[in-house]
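# Structural features, examined
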Amino acid sequence: MITYNAEGVRMPKIKKRDTSAWIKAVAAGYGKKVGEVGYLFVNDEKILEVNNEYLGHNYYTDIITFDYDEGDVINGDLVISLDTVRTNAEKYGKEYNEELHRVIIHGILHLCGINDKGPGEREIMEAAENKALQMLATPAKV
């Protein structure tokens, strides 16, 4: 099950059912099933607090992914700062909703085993994000 909650911010206007179906389709492309995945949308102040408390990092970020995977079932908590998503959308000249969906799927891609910190990994992550966003833009024909 995929849940969406907000703390200290308004819930973003995403189509939860469509977004959940998209997330499941992306995960399936990596041979994964979706177990318990929880999204928490927050502001910069809260993500900084989470980053400090759980990771010992003293900086803002757009997403923090807590991975509780079990085999081929992805489970995790994803904390997303809507403030940073908005800032990054402006910085990179993207629509807010596109950037929000990029961040939403970024966490799922981490849960599927894609990293972005090592040499060449960021390019692999960006390609995976772009492929996933393309799936969202062109829904499967039934």
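This write-up is about the structure you can find in this document. (Residues numbered from 1 in each chain as written. Predicted model: local features only at pLDDT ≥ 70, side-chain atom pairs only at ≥ 80, totals over all residues. Heavy atoms only, no water.)

### Some points on the sheet that holds strand S1 (residues 2-6)
The strand order across the open sheet built from four strands is S1-S2-S4-S3, with neighbouring strands paired in mixed fashion. The two strands at the open ends of the sheet, each matched to only one other strand, are S1 and strand S3 (63-67). Averaged over all pairs of adjacent strands, the angle between strand axes in this sheet comes to 15 degrees, irrespective of strand direction. Judged from the five bridges that link them, S1 and strand S2 (residues 33-42) form a sheet pairing that is parallel. Among the inter-strand pairings, Asn5 is bridged to a residue of S2, identified as Leu40. Across the face of the sheet, helix H1 (residues 16-28) comes into contact with S1, S2 and strand S4 (73-81) while running at roughly 130 degrees to S1. Packing against the sheet, helix H3 (residues 82-92) makes contact with S2 and S4, and its axis sits at approximately 75 degrees to S4. (Pairing = 2+ DSSP bridges. Helix = DSSP H or I, 4+ residues; strand = E, 2+ residues; numbered from the N terminus. Axes fitted to C-alpha atoms, helices over the stretch in contact; angles between N-to-C directions. Contact = heavy atoms within 4.5 Å.)

### Overview of the pairing of S3
Pairing analysis gives five bridges linking S3 to S4, with the strands arranged antiparallel. The residue of S4 that forms the bridge with Ile64 is Val79.

### A word on the pairing of S4
Burial analysis of S4 places seven of its nine residues in the buried class, which makes it a mostly covered element. Across eight bridges, the pairing between S2 and S4 is parallel. Bridging from a neighbouring strand, Val42 pairs with Ser81 of S4. (Buried < 20%, exposed > 50% of the residue type's maximum accessible area, 1.4 Å probe, protein only.)

### Some points on H1
If you check H1, its first and last C-alpha atoms are 18 Å apart, about what 13 residues at 1.5 Å a residue would give, namely 18 Å. Contacts made by the buried residues of H1 are with S1, S2, S4, helix H4 (96-111) and helix H5 (121-137). (Expected span 1.5 Å × (residues − 1).)

### Considering the packing of aromatic side chains
In this structure the tally under the stated criterion is three aromatic pairs. For the ring pair Tyr39 and Phe41, a centre distance of 6.2 Å and an interplane angle of 10 degrees mean the geometry is stacked. Here Tyr39 matches Phe41 in class, with each residue buried. Cluster of aromatic residues (ring-pair linked, three or more members): Tyr4, Tyr39 and Phe41. For Arg86, the ring lying beneath its charged end belongs to Tyr96, and the centroid distance is 4.1 Å. (Phe/Tyr/Trp six-rings, centres within 6.5 Å; stacked < 30°, edge-to-face > 60°. Lys NZ or Arg CZ within 6 Å of the ring centre and 35° of its normal.)

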